[in-house]
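What the coordinates show
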Amino acid sequence: MEKRSDTYSLAYECCNSVFLEDGRFPTIDAIRDRIHINSPAVIKRAMNDWTLHFVERHRQKLENPNMPAVIVDASESLWKLAMAEAKKAFDTKEKELSLRESEWKSQIRFIEDKLTENQQKWESENSHLSQALADQISLSHDLTENLKITAQQLKETESSLIVNRENLSRAEGALEEARKSHEAQTREWSEKSEKDHLWHLKRIEEEKEAAKNEQARIIANLNRSLETAKLDQESLRARLTQIMNQVGDQLERQGKLEAEADKLRAALSSLEKALLQEKERSVKLQALVKKQRRPSEKHVSERSVI
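Computed from a predicted structure; not experimentally measured.

Mean pLDDT over the protein chain: 78, with 80% of residues reaching 70 or higher. No element of the protein chain has a lower mean pLDDT than helix H7 (residues 295-305), at 54, and none a higher one than helix H2 (residues 28-35), at 92.

Right under this line is the structure:
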């Protein structure tokens, strides 16, 4: 159904006033002066519709002289009511589809926010793991430094033993035993440090692998959710396309109706000429024709009918 503005309604109603008060067909200037709105295109469309309606009513009276005018008006009102109900049903369906589309968009935004949140969590966990790895590396460096210091101390002790070996020959056996014991302890410390270092490295790798697997699982779940949302969105788009096709069909039918209306206008033009020849059937139309033939308004009347 064609959308009508307030200007259209005012102009359409004003056509009746011009006709009843001035006894002639309305013109753009006459209507514009009354409604105080300068919109020639809308006023012209309202005038054409009013003229078509006016001629149609008189044509129906001529074709059905025994049919009361109230029945003709009731039929027209019933048709307008049916068209209004159809438009109302269409608008309701369109609102429902818009609401569903908004809900899907909201769900997609929720999934995107969830994905961003999980990404931030993964980055935070990765930062913690990196910090733990840095701490382990620092600890390893400290152990290495301690080993270097111990080795240096051992070298200094050996040097001291060599310098004082002649003076401490009686304690050589005891010092040798102490040296062997010290070397064994050093090796034990070195082996233990190496094992601890390897264990920490292995543990860090295992935690990193577990974190990667968990992140991959989360991303896979989110991807599946996104795929599902995309499928639903495609379904909604297909439904919208179907509705748009239906609207296109309605517009095509409306174009056909407008073409038929143009034919009816041409036929009505012929009927109007015949109506002017039958002055005796309507005193009101006879007065209108006499006023239209006045020289000062003849040109304006012909332009309004056209």
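Moving on from the model shown.
To continue, consider the pattern of salt bridges. Under the defined criterion, the tally for this structure stands at 12 salt bridges. A salt bridge links Glu207 to Arg203; the shortest N-O distance between them is 3.3 Å. Highlighted residues: Glu207 and Arg203, both in helix H5 (residues 172-277), separated by 4 residues, approximately one helical turn. According to the relative accessible area criterion, Arg203 is partly exposed, its value standing at 40%. Ionic pairing is found between Glu214 and Arg217, a salt bridge with its closest N-O pair at 2.4 Å. Taken together, the residues span about one helical turn, with Glu214 and Arg217 both in helix H5 at a distance of 3 residues. What makes Glu214 partly exposed here is its relative accessible area of 35%. Salt bridges here are not isolated pairs; linked through shared partners, they connect Glu21, Asp22, Arg24 and Arg34.

With that settled, consider the packing of helix H1 (residues 6-22) against H2. At a minimum axis distance of 10 Å, the contact between H1 and H2 shows a crossing angle of 110°. As the angle between them shows, H1 and H2 are arranged roughly perpendicular. Residues Leu10, Ala11, Cys14, Cys15, Ser17, Val18, Glu21 and Asp22 of H1 form the contact with H2, whose participating residues are Ala30, Ile31, Arg34 and Ile35. Grouping the constituent residues of the contact of H1 with H2 by class yields 8 nonpolar, 1 polar and 3 charged.

With that out of the way, let us pick up the packing of aromatic side chains. Tallying each qualifying case throughout the model produces 7 aromatic pairs. On the numbers, 5.6 Å between centres and 85° between planes, the contact of Phe25 with Phe54 is edge-to-face. A residue pair is termed long-range when its members are at least 10 positions apart, and Phe25 in the loop between H1 and H2 and Phe54 in helix H3 (residues 40-63) qualify at 29 residues. Residues Phe25 and Phe54 agree in their burial class; the two are buried. By the ring-pair criterion, three or more aromatic residues cluster together here, those being Phe19, Phe25, Trp50 and Phe54.

Rules of the game
Residues numbered from 1 in each chain as written. Predicted model: local features only at pLDDT ≥ 70, side-chain atom pairs only at ≥ 80, totals over all residues. Heavy atoms only, no water. pLDDT = per-residue confidence, 0-100. Helix = DSSP H or I, 4+ residues; strand = E, 2+ residues; numbered from the N terminus. Salt bridge = Lys/Arg side-chain N within 4 Å of Asp/Glu carboxyl O. Buried < 20%, exposed > 50% of the residue type's maximum accessible area, 1.4 Å probe, protein only. Axes fitted to C-alpha atoms, helices over the stretch in contact; angles between N-to-C directions. Parallel < 35°, antiparallel > 145°, perpendicular 65-115°, else oblique. Contact = heavy atoms within 4.5 Å. Nonpolar A, V, L, I, M, F, W, Y, C, P; charged D, E, K, R; others polar. Phe/Tyr/Trp six-rings, centres within 6.5 Å; stacked < 30°, edge-to-face > 60°.

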